[in-house]
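Results of the structural survey
So the chains spell out like this:
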Amino acid sequence: MPDPVTQSRAKQLAEKLAGLLDAQIGEQATVKSLWHPSFASKQELESTIVTVRPARRGRTADGRVTGPRDVDIEIGIVRHLPKPETRDSDPYNDMATIDALDLLAEFIFDLFCRVDEDEYPPPAGSLASVSLCGYTAKSPDQPTTLENSLLESDRLFLTIITVPFQRME
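Criteria and cut-off values
Residues numbered from 1 in each chain as written. Predicted model: local features only at pLDDT ≥ 70, side-chain atom pairs only at ≥ 80, totals over all residues. Heavy atoms only, no water. Pairing = 2+ DSSP bridges. Helix = DSSP H or I, 4+ residues; strand = E, 2+ residues; numbered from the N terminus. Contact = heavy atoms within 4.5 Å. Axes fitted to C-alpha atoms, helices over the stretch in contact; angles between N-to-C directions. Buried < 20%, exposed > 50% of the residue type's maximum accessible area, 1.4 Å probe, protein only. Expected span 1.5 Å × (residues − 1). Core = buried A, V, L, I, M, F, W, Y, C linked by side-chain atoms within 4.5 Å.

What follows concerns the sheet that holds strand β4 (residues 131-132). Taken in spatial order, the six strands make up an open sheet running β1-β2-β3-β6-β5-β4, and their pairing is mixed. Bordering the open sheet on either side are β1 (30-33) and β4, each of which pairs with just one other strand. Most of the contacts of helix α2 (residues 95-111) go to strand β6 (residues 156-168), to which it runs at about 0°, and overall it touches β2 (49-59), β3 (68-80) and β6.

Counting buried positions along β3 yields 11 of 13 residues, so the element is predominantly enclosed. Bridge analysis of β2 against β3 gives 10 bridges, and the strand direction is antiparallel. Each bridged residue has a counterpart across the sheet, and for Pro 54 the counterpart in β3 is Ile 73. Pairing of β3 with β6 involves 13 bridges; the strand directions are antiparallel. Looking at the pairing, Asp 70 lines up with Gln 166 of β6.

This brings us to α2. Its 17 residues place the ends of α2 24 Å apart at the C-alpha level, agreeing with the 24 Å of an ideal helix rising 1.5 Å per residue. Elements that come into contact with the buried residues of α2 comprise α1 (9-25), β2, β3 and β6.

Looking now at the nonpolar core. When a protein is soluble and globular, its nonpolar side chains tend to lie buried together. Within the largest apolar cluster, 33 residues are counted, with the highest numbers of intra-cluster contacts made by Leu 17, Leu 21, Ile 75, Ile 108, Phe 112 and Phe 165. Of all the secondary structure elements, the ones that give two or more residues to this core are α1, β2, β3, α2, β5 (135-137) and β6. If you tally residues by element for this core, the top one is α1, at seven residues. With residues near it in sequence (within four places) discarded, Phe 165 still touches Leu 13, Leu 17, Arg 69, Asp 70, Val 71, Ile 73, Phe 112, Leu 132, Tyr 135, Thr 136 and Ala 137. Residues Leu 45, Ile 49, Val 78 and Leu 158 belong to the second largest nonpolar core, which totals six residues.

As structure tokens, this is what we get:
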């Protein structure tokens, strides 16, 4: 009798991807797989955290048993910004801080894009054709650069990059 499956394929994919991202990002952020930040524990968000978690599954059958199986992975960049020291020093209007976080998001986004190496030098594109658990990444999507309501209400910088992965069966 085969061993029972203890992890979903999506969880395995997210964990392997988190390991690859951790190697690429280095000291810029802490990478956590399958971790959703609790807004009650903002102290954990004093440094930049990159979250990796499955978001959606899908399957397109061609009328038989074969067809692609899809798993979307959400990669979040999140950081709690400190309270302003003065009226004129609000961190969520600090362009250097926000741009550094956006630059990290752009770096991660570019890892999954097939790019012109003259315009985007490596490691850009380095994860675009890597197979993880039999899945290969498709073009990523970042629907909004940052979530303004969270920035204003909870002082959280949050942006999500959705990377669709597809496995042919």
